Each structure stands twice: as structure tokens, then as C-alpha cells.
Amino acid sequence: MVTVGDIVKSMERIAPPELKLGKDPIGLHIGDEMQVVTKVMVTLDVLETVVDEAIAKGVNMIIAHHPLLYVPIKNIDTSASRGRLIAKLLKHDIAVFAAHTNLDVAEGGVNDMLAQSLELQSITYLEKTTERYQVDYGIGRIGELAEVTTVSALSEQVKKLWDLPGVRFIGPADREIKTVAILGGDGNNYIRTAALSKADVLITGDIYYHLGHDAMELDFPVIDAGHTIEKIMINGLITLLQEQHSISFIASQVDTNPFNYR
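Residues numbered from 1 in each chain as written. Predicted model: local features only at pLDDT ≥ 70, side-chain atom pairs only at ≥ 80, totals over all residues. Heavy atoms only, no water.

1. A short note on helix α2 (residues 48–56)
Since one α-helical turn is 3.6 residues long, residues separated by three or four positions face the same way.
Phase 1: Among the residues making up α2, those that are buried are Glu48, Val50, Val51, Glu53 and Ala54.
Phase 2: Lining the buried residues of α2 we find β2 (39–43), β3 (61–64), α3 (81–91) and β11 (248–251). (Buried < 20%, exposed > 50% of the residue type's maximum accessible area, 1.4 Å probe, protein only. Helix = DSSP H or I, 4+ residues; strand = E, 2+ residues; numbered from the N terminus. Contact = heavy atoms within 4.5 Å.)

If you want it as C-alpha cells, here you go:
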């Protein structure tokens, strides 16, 4: 018998909560640790469509990267999507757990998954965030490509590799690059850090217009592959959890990317 608490313990071994950044609201958002679990669904985001999918598939627990209750709620209005979502979770006894920045920072977590999928070598962190048991941990990763490439070619590579509808890039398309910095999610605050590192380019998401100008002024190429590249954590986590538990782990099939492309 596997319980919600058992899965929580496994997740905290994979992504220790002490590694989170700031007041990031990670952990068990909804549910009882004593509840028995037979099927877990892993998703990037907890949207109403994802909850409907979980109900249809007989899921007892959802593990998400982005916290459901990221912003504190003042009421539960069941006529609105967020309220309906919470009501459905409670009605169908579906627990929700989030591993966010702690999974980004963790060894083998989101940023390592991204770096490894690019087959980067000599991987280290982009910026130190904490120390645990006399071991340094950091956000983002830096590593070497097997061969020199260009900003344009790498943009096309990540588009195909991560099944993206499109990417944006800043800087000369023909700029040669060898060392890559990568940071899943919103990387705006790390452009200057990456530019001052040994990296030739930063791959991240959600770059703001004016911070794009900052990258131009620094003459530092940035590939904005979108926040959705973090979906790599879905199958990555399933693999790690299946090694520890014999219950069913499934990937959400709902596309939670809010953007459409032409």
C-alpha cells in the first residue's frame, strides 16, 4: 500500500524542500498524507482541464511543477474556474503536490534534465543559491556542446528536440557558440549573470522586451524557447518515481501552453 505521504517523501528526496528559492509555495497543497494512492499523474501545470483529465483517468494524486496555490486565495468561488478546480479535487479525493524551484535547483532536476537532453558536457550550475550538507547547489546550468554551432542552428535544434511551436532569439544568427547556459522558466533575472559567465548563449523563457535590449547591449545571445520547455520534468519525474514505487505513474496529455502560434 502506497500513501500520499509516501509519494511526498519520495519527492522530497528527489527535490529537497530546503532547495526552494524564497517563499516558493511548494509541497502538498491539497490532500491527506494518509490517503492511499494507486495512480499518480505528473503535469507541468494544474489547470481545470488537467483536473478533468485526472478524474477521467482515475488518478488519486497530481504532481505538478508549477504550484496550484502560487498566489494565496481569498475565497473559493465555485462559479469560477479556480474554484471549480479546487471543488473537483476535493470531491474526487485527488491530492496535489508541487515541486517548483526546489526541483529546478535539485541535482537531476529540471535544469539538469534540460542540460542532459542537449548532451552538454562538464555541467555546473549558473548561480549558487544555497549550501546543503556542505554541498553547493545552484539555479540554471552551464555546459559544453560536443561541437561548435551557431545561434540559429541551436535555436532550430531546441525547437525540434523539445517539440516547440517556435522559439525567439536575440543576437546575430551566425554567432558561433560552444558553451551554453540553460535555465528553465523565467530567465529574465539571469541574463546578466549568464553574460558574465563563460557561457556563449543563454537558453531560457519569457524574456521581456526591454531586457531583450539589455542582452543586445551586452552583446550576449539569448534563445527564448518559452516557459513550456520545463515540461521535460513530466517524463523525467515519472522515471525517477517508478524506480521507487510499483503503482501507476502517468503523464498528463493536456497541453497547458496558453499561447498559439501562426
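2. Regarding the nonpolar core
Phase 1: Among the nonpolar cores identified, the biggest contains 64 residues, and Met11, Met61, Ile63, Leu154, Trp162, Ile203 and Met233 are the most heavily contacted of them.
Phase 2: Each residue touching Met11, except ones within four places of it in the same chain, is listed here: Ile63, Phe97, Ala99, Leu237 and Leu241.
Phase 3: Val46, Val51, Ala54 and Ala64 belong to the second largest nonpolar core, which has 16 residues in total. (Core = buried A, V, L, I, M, F, W, Y, C linked by side-chain atoms within 4.5 Å.)

3. Details of the packing of helix α5 (residues 110–117) against helix α9 (residues 232–242)
Phase 1: Viewed as axis vectors pointing N to C, α5 and α9 meet at an angle of 105°, and their least axial separation amounts to 10 Å. As judged from the angle between their axes, α5 and α9 are roughly perpendicular. When α5 is examined against α9, the residues Val110, Met113, Leu114 and Ser117 are found in contact with a partner set consisting of Ile232, Met233, Gly236, Leu237 and Leu240.
Phase 2: Here the contact of α5 with α9 is built from residues that sort into seven nonpolar, two polar and no charged. (Axes fitted to C-alpha atoms, helices over the stretch in contact; angles between N-to-C directions. Parallel < 35°, antiparallel > 145°, perpendicular 65-115°, else oblique. Nonpolar A, V, L, I, M, F, W, Y, C, P; charged D, E, K, R; others polar.)

4. Digging into the environment of Leu241
Phase 1: Topologically, Leu241 is positioned in helix α9.
Phase 2: In this structure, the C-alpha to C-alpha distance between Leu241 and Ser10, residues 231 residues apart in sequence, is 7.3 Å.
Phase 3: The residues touching Leu241, leaving out its near neighbours within four places in the chain, are Ser10, Met11, Ile14, Ile63 and Phe249.

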